[in-house]
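Descriptive analysis of the structure
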Amino acid sequence: MSDVKVTDSVLYVGCDDLDIDLFESQYHVPNGVSYNSYVILDEKIAIMDTVDPRRTEEWLEKVEKALGGRLPDYLVVQHMEPDHAGSIQKICTKYPQMQIVSNAKVFGMMPQFFDFDLTGRTITVKEGDTLSLGSHTLTFFMAPMVHWPEVMVTYEASEKILFSADGFGKFGALSVEEDWTDEARRYFINIVGKYGAQVQNLLKKAATLDIAMICPLHGPVLKEDLGYYIGKYLTWSSYEPEEDGIVIACASIHGNTKRAMLKFVEILKEKGAENVKFFDLSRDDMAEAIAEAYQYSKLVVACPTYDGVLFPCMEDFLYHLKIKNFQNRKAAIVENGSWAPMSGKLMKAYLEGMKNITLVEPTVTIKSTMSEKNLEELNALADALLA
Ligand SMILES: Cc1cc2nc3c(=O)[nH]c(=O)nc-3n(C[C@H](O)[C@H](O)[C@H](O)COP(=O)(O)O)c2cc1C
């Protein structure tokens, strides 16, 4: 959207993508996604990042319009992932006098993605280096593993803008109005969630800067109440729950585990639980289930045994939690099986492999359909979870 206003001299030239089926071939984005890019106009002109190849031509037109007949001096590359770096070769070919400004890791990766001559076109920066554009001065901070190892962010001192790369990004095209928090959480936990320590390191660097505005590579430019967004990032990256509540992640083949878990939701609510979120892992959005597991303090996993192992959607859920460093939660297990229930043991092994998970025991074992005894056990489990 070209009408996104940053400042008089920092122009938004990013592009919405409402046609994409899955972001990173995995995440549903019902409201699309934006690939953000910015042009800083001064005595020298810098372009901040490029866009996904899906939007190269639209972006090149926007950049040309923003340049107003001038030529760009610099392309700053903060991240080599194709949704941001995918148009580098095209813009470098269009503007052969333009220099590329980035760090050594980026320049190491660039020939892996592109086939054009970088000789004489690169300016390599490292932590704390500055680049003057005139009245604007860019300072570069390395942010390794705030998604990929080559990531850096850029601070512009005169207008107090942090160009935050994937940090503070969000799913959703800018032409669609929606709440920031849920889609930013779903983006952060699923995409950057593994790298909490690295995000905390970046937040420490950011705390030394006077920031009035955050310009991320996805989602809206953040101009007000920055403490709110930074607070969310501090919580998410520390793996602490945002609020007390229970997520029930349920797999079910024929519906008996699901029926038992929906009854469990009723029981919890009758006992006064306020935040109870139910996910049918076969049908509901996996990335949302994962994000909400991070949002709340307690997790219940329920799954039938399937050929001696877990029903695949539960395996997928727990695998995602594991690789995204899920930790610091209370958890409980409900298993099901008609002849030799195994799923409880397998879910327990997953949870025991995660850091600081307090298991609320015992595991409830359903044999095919929920019995009167199971009902009592679920009541007891609800009491233990809510204690
Ligand atoms: C393909 C398939 C494989 C199964 N494998 C096992 C198994 O290895 N051990 C077991 O005890 N039950 C097994 N079951 C039975 C289910 O775990 C059991 O019927 C359970 O109650 C299903 O719960 P649901 O109604 O929530 O799907 C299997 C069922 C299916 C359909």
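Read on for a plain summary of the structure. (Residues numbered from 1 in each chain as written. Predicted model: local features only at pLDDT ≥ 70, side-chain atom pairs only at ≥ 80, totals over all residues.)

Ordered by their spatial adjacency, 6 strands build an open sheet running β1-β6-β7-β8-β9-β10, and the pairing between neighbours is mixed. Unpaired on one side and paired on the other, β1 (10–12) and β10 (122–124) mark the two borders of the sheet. If you compare each strand with its neighbour and ignore which way they point, the axes differ by 25° on average. Here 3 bridges tie strand β8 (residues 74–76) to strand β9 (residues 99–102), and the two strands are oriented parallel to one another. Across the sheet, L75 pairs through a bridge with I100, a residue of β9. (Pairing = 2+ DSSP bridges. Helix = DSSP H or I, 4+ residues; strand = E, 2+ residues; numbered from the N terminus. Axes fitted to C-alpha atoms, helices over the stretch in contact; angles between N-to-C directions.)

With that out of the way, let us pick up the packing of helix α8 (residues 256–270) against helix α12 (residues 372–386). Following both chains from N to C, one finds α8 and α12 inclined at 45°, their axes separated by 10 Å at the closest point. The angle between the axes of α8 and α12 places the two elements in the oblique class. Viewed along their axes, α8 and α12 form a crossing whose handedness is right-handed. Across from A260, K263, F264, I267 and L268 in α8, the residues of α12 making contact are N374, L378, N379 and A382. The residue inventory of the contact of α8 with α12, partitioned by class, reads 6 nonpolar, 2 polar and 1 charged. (Parallel < 35°, antiparallel > 145°, perpendicular 65-115°, else oblique. Left-handed = near helix turned anticlockwise from the far one by under 90°. Contact = placed C-beta atoms within 7 Å. Nonpolar A, V, L, I, M, F, W, Y, C, P; charged D, E, K, R; others polar.)

One open sheet accounts for 5 strands, arranged β11-β12-β13-β14-β15; its pairing is mixed. The sheet is open, and its two edges are formed by β11 (130–132) and β15 (213–215), each paired on a single side. The mean inter-strand angle of the sheet, taken between neighbouring strand axes irrespective of direction, is 20°. Pairing of strand β14 (residues 161–163) with β15 involves 3 bridges; the strand directions are parallel.

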